Amino acid sequence: MNKPASLRAHLAKAIPELQRNPESLLVFVEEGSLISTAQTSESFELRYRLSLVLVDFVGDANRLFLAVLRWAALHQNELLANPDRRGDIAFEVDVIDHERADVEIRLPLTERIGVLVLQNGEDRITPWPEPKFDPESWCNFGMVP
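Residues numbered from 1 in each chain as written. Predicted model: local features only at pLDDT ≥ 70, side-chain atom pairs only at ≥ 80, totals over all residues. Heavy atoms only, no water.

- As annotated in an unreviewed UniProt entry, the protein carries the name Phage tail protein and comes from Lysobacter gummosus.

**Points about helix 3 (residues 61-75)**
Argument step 1. With 15 residues, helix 3 extends 21 Å between its outermost C-alpha atoms, agreeing within 8% with the 21 Å of an ideal straight helix rising 1.5 Å per residue.
Argument step 2. What helix 3 keeps buried is the set Leu-64, Ala-67, Val-68, Trp-71, Ala-72 and Ala-73.
Argument step 3. In this structure Asp-60 caps helix 3, since a side-chain oxygen of it lies 3.0 Å from the backbone nitrogen of Asn-62. (Helix = DSSP H or I, 4+ residues; strand = E, 2+ residues; numbered from the N terminus. Expected span 1.5 Å × (residues − 1). Buried < 20%, exposed > 50% of the residue type's maximum accessible area, 1.4 Å probe, protein only. Polar contact = N/O pair within 3.5 Å; in protein donor to acceptor, adjacent residues only side chain to side chain.)

**Quick notes on unusual backbone geometry**
Backbone geometry follows two general trends: most residues other than glycine have a negative phi, and most peptide bonds adopt the trans configuration.
Argument step 1. Within the chain, Glu-31 stands out as a residue other than glycine whose phi angle is a positive 50 degrees.
Argument step 2. Along the chain, the position of Glu-31 falls in strand 1 (residues 25-35).
Argument step 3. Since its relative accessible area comes to 61%, Glu-31 is described here as exposed.
Argument step 4. Phi is positive for Asp-56, which is not a glycine, with a value near 55 degrees.
Argument step 5. Looking at the element boundaries, Asp-56 is found in strand 2 (residues 44-57).
Argument step 6. Asp-56 gets classed as partly exposed once you look at its relative accessible area, which sits at 37%.

**Some thoughts on a nonpolar patch on the surface**
Argument step 1. Taken together, Leu-26, Phe-28 and Val-55 make up a surface patch of nonpolar side chains, about 210 Å² in accessible area.
Argument step 2. On the secondary structure map, Val-55 appears in strand 2. (Patch = residues over 30% accessible without salt bridge, like charges linked within 9 Å, V, L, I, M, F, W, Y side chains within 5 Å. Areas by Shrake-Rupley, 256 points an atom, 1.4 Å probe, with all protein chains shown as cover. Salt bridge = Lys/Arg side-chain N within 4 Å of Asp/Glu carboxyl O.)

**Side note on the packing of helix 1 (residues 3-14) against helix 3**
Argument step 1. Closest axis-to-axis distance for the helix 1/helix 3 pair is 10 Å, and the angle between their directions is 140 degrees. In terms of their interaxial angle, helix 1 and helix 3 are classed as oblique. Every pair of crossing elements has a handedness; the one defined by helix 1 and helix 3 is right-handed. Between helix 1 and helix 3, the residues in contact are Lys-3, Ser-6, Leu-7, His-10, Leu-11 and Ala-14 and Arg-63, Leu-64, Ala-67, Val-68, Arg-70, Trp-71 and His-75, respectively. (Axes fitted to C-alpha atoms, helices over the stretch in contact; angles between N-to-C directions. Parallel < 35°, antiparallel > 145°, perpendicular 65-115°, else oblique. Left-handed = near helix turned anticlockwise from the far one by under 90°. Contact = heavy atoms within 4.5 Å.)

Here's what the structure looks like:
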């Protein structure tokens, strides 16, 4: 699984509070499913819910949400582009006091994994890239002012 580490790294760059306190971001992979079609290829797909928990978060929640949306635009763009999926990124906030809150963000993610059996019998297992994101179409779709 590559997406949990990718999103963690993206948030660490985008959110100053995480740069100062990276251990405040907890990452959980939950409700995972392994999908295979039992066809001639052994390639498969991972489906899971990624839960991010920011403990004692003192930053700007809107900046955090924007960072998640920017990552999703590149790595799971159907969550933004498909009208039926737009509510799939969910969050909860537990307000601790006037400065701090625990924030949980949940994203349903998929990763496609290609499997190729080489002539010597060795398996070549490769994560497949996401479909290319077209920022121009996102702008035209009303997501960017």
